[in-house]
Amino acid sequence: MPDAALLQVTDLVKHFPLGGGVLAKPKAWVKAVAGVSFAVGRGESFGLVGESGCGKTTIGRLVLRLIEPTHGRIDFDGQNILTLGRKEFGRLRRRMQIIFQDPYSSLDPRMTVEQIVTEPLQIRPRPARAMRREAARALLEKVGLRTADLDKYPHEFSGGQRQRIGIARALCVRPELIVADEPVSALDVSIQAQVINLLQDLQQEFGLSYIFISHDLSVVTHLCRRVAVMYLGSIVELAPSAEFSRMPRHPYTEALLAAVPLPDPHRRAASFAMEGDVPSPIDPPAGCAFHPRCRHVLERCRVERPHLAPAAEEHLVACWLNEGKGLG
Amino acid sequence: MSAGLLSIEDLSVSFQTPEGVARAVDRVSFALDRGETLGIVGESGCGKSVTSLSILRLIPSPPGRIDSGRIGFEDRNLLELDAEALRRIRGRDISMIFQEPMTSLNPVLPIGRQVAEPLMIHFGLDHSQALGQAAEWLDRVKIPAARKRLEDYPHHLSGGMRQRVMIAMAMVCGPKLLIADEPTTALDVTIQAQILSLMVGLKQELGMSLLLITHNLGVVAQMAARVVVMYAGQVVEEAAVADLFDRPFHPYTQGLLRSMPHLGGHEKDRSVRLQEIPGIVPAITQIMPGCRFAERCPHAFALCREKGSDLFAIREGQRARCWLQEFPQRRRPDA
C-alpha cells in the first residue's frame, strides 16, 4: 500500500490557542490532533471514527490545508503539500475536495444549483457559460437530481437532495480524493442509505479515494475498507473494517462497539455503559489518554504513551496490552 | 388493556403554514400500559414529536391546533382539562425530557434550583428541603460530587451531564409516565449508552411507564417492549418489538430495517450496497387520497393510490396500515 498511497499523513499535530488576543499570549492550547499518521491508497475508502472532540474533523481540514498544522507532514501524490506555495498548492487543491455534514449551512442560499455546482470552475481558465451549464447538467444526473432543477435555489430541496448538490459540487473538478465529513449524519435512515449508495457508485465510477469521517461505526465500517478509531487526538486502532466486528483489540474500540445499540431485540446488552466522560483535550491525561476509563489499565499506561504498533496483518493498535503479541 | 395508563385515540393535530394546512398528526391511536416502554419511531416530520407534545398540550397554538381526539390518562381526558388541572399533572404525573438539554435547561439558574423547583411547586416543600432531595436525585443520576454541583450552572456541564440533570428534574416528583423525545440523539455513543442504562435502571426501580420517541432503531430494539412506526403523520405499523424486527409487515418498516448499515459490513475489497427506499417523504400539506407511502413502495398497486388503507390486524398485537393484508397476492416477492 505505501508505494501506491495517494495521501500519506505523517506525525500530524494541531494545537489550537485558547483565550489570548492580538497581543496577549494564549492561556492554553487545545491539543486537537496529537501526532497522527496514516496513508490512503488510490481508490481506497479510509474511515476516521470517534466521538466529539477526538480530532477527526480537524484532520479532514488539515489534509485540505483549510487550516495549517502545528507540526507534521502531508504528502499528496508524492508531494509534500505543506511546503507548496499558494499557486502550486492551488493547482493541486483541485484534486482534493470536501463534503460537509450540514447540507443546510454549506450551500449559499442565494446561489442557484447551477452556480453552486460549477463554482469550482470559476478559477481560471474559466470555461464558457454554455459549457458550465452543460457540466452542471451532467453533474446533476450523476448524483441523481433532475436537470430541470438547475435554476432552483437550495431551500427548494430536502436535506438528502441538498447533500447530493454538495456531492455534485465536490465532483465538479474531477478530484481524486474526497474528504467527506459526516456526510450522512444529518439525514434520516432511508435517505442516508441513498447517499451512502451514491457515494459508493461514484467511487467505483471515478476511482475516487475517500477519507470518510463519522461518529457512526456502522456507517464507517460499511463504507470503508480500512478504519481508524480516534480518541483524544490520536489513532488508537487502525484495521480493515471486518476486523472491528470480529476482533477489536483496543479497549476503547471495544467500549465503543459495546455502546452501539444493536438493532436486534434478541440481543439486548446487559450493560452497555462505560463510565466517565472524555477528558478535556486542553489537559489530556498523561501516558495513554484512555487510561482513566480503561478496564485493563496497567501501571505503565499512566506514564508512558503507547504508539501504534502492528498486532496482526494490516491491524495496528496503540495499547500496551498488545505489546509482544504483534507480528514483530 | 385493563392496566392501561395512557390511551391516545384518533388524535389529529394540524399546523397553519404559508403552504396551507399541514396535518402533522392524522388520527393516531395507541395505548401504553403501566410499567411498559413503548417506542415511537419514524423519520423527520413523521409526527412523532408533535404526538408526544400533544399529550401535555405543549403544541404552540397558533399555528398548531389539536383538531380532534382523546388523550386518556388514568381516568381523565387530558384534552378537556383546564389549565390549572393540567399544570398539576405536568412534571408530577407526566414529565418529559427532550433532545437538546442545553435549550431545555434554564441557563441563568443553578442546576440544584432547577431540579428542586418541581418539588416546591407540586409538593409545597420549602427551599432547603427541596434542595436536599434535589441533591439526592443528582446523586442517583450519577452526577459526581452532586452536593457540590448544586450551585453549578448548565454551561459548566457536559452534554451527557446536562441530560442527567434533565432526567433528575423529570424524575424528582416520581412521575407515572416519562415521555422522552430523542433523549440521546445529541449525545456521543458511549454517553448515549450511559443515559440509556440510567433510564432502564430508574424505570425498573420506580415502575413508571416510558414513552420513547426516537429515529434510532437500535435504541428501540434495546429499550422498548412495543413499537409504533409513524410515517407522514400516521401510524403505519404497531407491534411487539420482536415481531417488528423479525416479521415487519408494512413495506415502510421493512424498508427502514433493510436500509440500515451493519457493523463491519464492508466485505473484503468490496462494498455491499444498502437497500434504499427510493424517493422522499411527501409534504404533509399535500392532500393525498391514497396511501402516503405508495409512491415509494415497491408493492404499490392501483388501489393504494386511490384509497388509504385502514390499520389491519396482522397477528396478536400487530397492526399495519397496508392493503397487502387484504390483497397478499399483490406483494412482489422480488422486492
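Residues numbered from 1 in each chain as written. Chains lettered and ligands numbered in written order. Predicted model: local features only at pLDDT ≥ 70, side-chain atom pairs only at ≥ 80, totals over all residues.

Digging into the overall build of chain A
Now for step 1: A count of helical and extended segments in chain A gives nine helices and 12 strands.
Now for step 2: Projecting the C-alpha coordinates of chain A onto the three principal axes gives extents of approximately 70 × 55 × 40 Å. (Helix = DSSP H or I, 4+ residues; strand = E, 2+ residues; numbered from the N terminus.)

Section: the overall build of chain B
Now for step 1: Scanning chain B for helices and strands turns up 12 helices and 12 strands.
Now for step 2: Its C-alpha atoms give chain B a radius of gyration of 21 Å, near enough to 20 Å, the size a compact globule of 335 residues would have.
Now for step 3: Taking the principal axes of its C-alpha atoms as reference, chain B extends roughly 70 × 55 × 45 Å.
Now for step 4: Among the 335 residues that make up chain B, the fraction classed as buried is 49%.
Now for step 5: A separation of at least 24 residues holds for 63% of the contacts in chain B among residues at least 6 apart in sequence. (Rg over C-alpha atoms; globule rule 2.2 N^0.38 Å. Buried ≥ 20, exposed ≤ 12 C-beta atoms within 10 Å, placed from the backbone. Contact = placed C-beta atoms within 7 Å.)

Side note on the pairing of strand E8 (residues 209–214) of chain A
All names here are of chain A.
Now for step 1: Of all six residues in E8, six are buried; the element is thus mostly enclosed.
Now for step 2: In the sheet, strand E3 (residues 45–49) pairs with E8 via five bridges, with the strands oriented parallel. Of the residues in E8, the one forming a bridge with Ser-45 is Tyr-210.
Now for step 3: Direction of pairing for strand E7 (residues 177–181) relative to E8: parallel, over a ladder of five bridges. (Pairing = 2+ DSSP bridges.)

Focus: helix H8 (residues 189–206) of chain B
An α-helix turns once every 3.6 residues. As a result, residues three or four positions apart point the same way.
Now for step 1: With 18 residues, H8 of chain B extends 26 Å from end C-alpha to end C-alpha; this agrees with the ideal 26 Å at 1.5 Å per step.
Now for step 2: When H8 of chain B is considered as a whole, its buried residues turn out to be Val-189, Thr-190, Ile-191, Gln-192, Ala-193, Gln-194, Ile-195, Leu-196, Leu-198 and Met-199 of chain B.
Now for step 3: Here the buried face of H8 of chain B lies against helix H9 (251–259) of chain A together with helix H7 (159–171), strand E7 (177–181) and helix H9 (217–223) of chain B.
Now for step 4: Of the residues one or two after H8 of chain B, Gly-207 of chain B is the one with positive phi, at around 65°. (Expected span 1.5 Å × (residues − 1).)

Let's talk about the interface of chain B and chain A
Now for step 1: Each side of the interface is counted separately: chain B has 41 residues, and chain A has 43 residues.
Now for step 2: At the level of elements, H8, H9, helix H10 (241–246) and helix H11 (251–258) of chain B are the ones that each hand at least two residues to the side of chain B that touches chain A.
Now for step 3: Considering each element in turn, the side of chain B that touches chain A owes the most residues, seven residues, to H8 of chain B.
Now for step 4: Classifying every residue of the side of chain B that touches chain A gives 16 nonpolar, 19 polar and six charged. (Nonpolar A, V, L, I, M, F, W, Y, C, P; charged D, E, K, R; others polar.)

What to know about the packing of helix H5 (residues 159–171) of chain A against helix H6 (residues 189–206) of chain A
Residue and element names in this part refer to chain A.
Now for step 1: Running from N to C, H5 and H6 cross one another at 15°; their axes reach a closest spacing of 10 Å. When the axes of H5 and H6 are compared, the pair comes out roughly parallel. In the packing of H5 onto H6, the handedness of the crossing is right-handed. Across from Gly-159, Gly-160, Gln-163, Arg-164, Ile-167 and Leu-171 in H5, the residues of H6 making contact are Ile-191, Gln-194, Val-195, Leu-198 and Leu-202. (Axes fitted to C-alpha atoms, helices over the stretch in contact; angles between N-to-C directions. Parallel < 35°, antiparallel > 145°, perpendicular 65-115°, else oblique. Left-handed = near helix turned anticlockwise from the far one by under 90°.)

With respect to the domain arrangement of chain B
Residue and element names in this part refer to chain B.
Now for step 1: If you check the domain split of chain B, you get domain 1 (1–93 + 175–260) and domain 2 (102–174).
Now for step 2: Taking the mean C-alpha position of each, domain 1 and domain 2 sit 25 Å from one another.
Now for step 3: If you look at the interface, domain 1 gives 14 residues, while domain 2 gives 12 residues.
Now for step 4: When residues of the side of domain 1 that touches domain 2 are assigned to their parent elements, the largest contribution, seven residues, is made by H8.
Now for step 5: Along the lines of polarity and charge, the residues of the side of domain 1 that touches domain 2 split into 11 nonpolar, two polar and one charged. (Domains from an automatic or database assignment.)

Some points on unusual backbone geometry
Residue and element names in this part refer to chain B.
Now for step 1: In this model, Ser-61 is joined to Pro-62 through a cis peptide bond whose omega is -10°.
Now for step 2: Across the junction of Pro-62 and Pro-63, the peptide omega takes the value 10°, indicating a cis bond.
Now for step 3: Its place among the elements puts Pro-63 in the loop between helix H1 (48–55) and strand E4 (64–73).

Some words on the sheet that holds strand E9 (residues 226–231) of chain A
Note on sheets: strands pair through backbone hydrogen bonds, and any given pair is parallel or antiparallel.
Residue and element names in this part refer to chain A.
Now for step 1: Reading across from one edge, E6-E7-E8-E3-E9-E10-E12-E11 is the order of the eight strands in this open sheet, with mixed pairing throughout. The open sheet is flanked by strand E6 (96–99) and strand E11 (309–312), the only strands paired with a single partner. Across the sheet, the mean angle from the axis of one strand to that of its neighbour is 25°, orientation sign disregarded.
Now for step 2: Where E6 meets E7, four bridges bridge the pair, whose relative direction is parallel. Each residue of the ladder has a partner; that of Met-96, found in E7, is Leu-177.

Re the environment of Pro-183 of chain B
Residues and elements named next belong to chain B.
Now for step 1: By the element assignment, Pro-183 lies in the loop between E7 and H8.
Now for step 2: Here the alpha-carbon distance between Pro-183 and His-215, two residues 32 residues apart in the chain, equals 11 Å.
Now for step 3: Not counting the four nearest positions on each side in its chain, Pro-183 is found in contact with Ile-97, Gln-99, Gln-163 and Ile-195.

Section: the nonpolar core
All names here are of chain B.
Now for step 1: With 192 residues, the main nonpolar core has Val-115 and Ala-168 as its most contacted residues.
Now for step 2: Here this core gets eight residues from one element, more than from any other, and that element is H7.
Now for step 3: Shared between two domains, this core holds at least three residues of each, these being domain 1 (1–93 + 175–260) and domain 2 (102–174).
Now for step 4: For Ala-168, the contacting residues outside a window of four places in its chain are Val-115, Trp-137, Leu-138 and Val-141. (Core = buried A, V, L, I, M, F, W, Y, C linked by C-beta atoms within 7 Å.)

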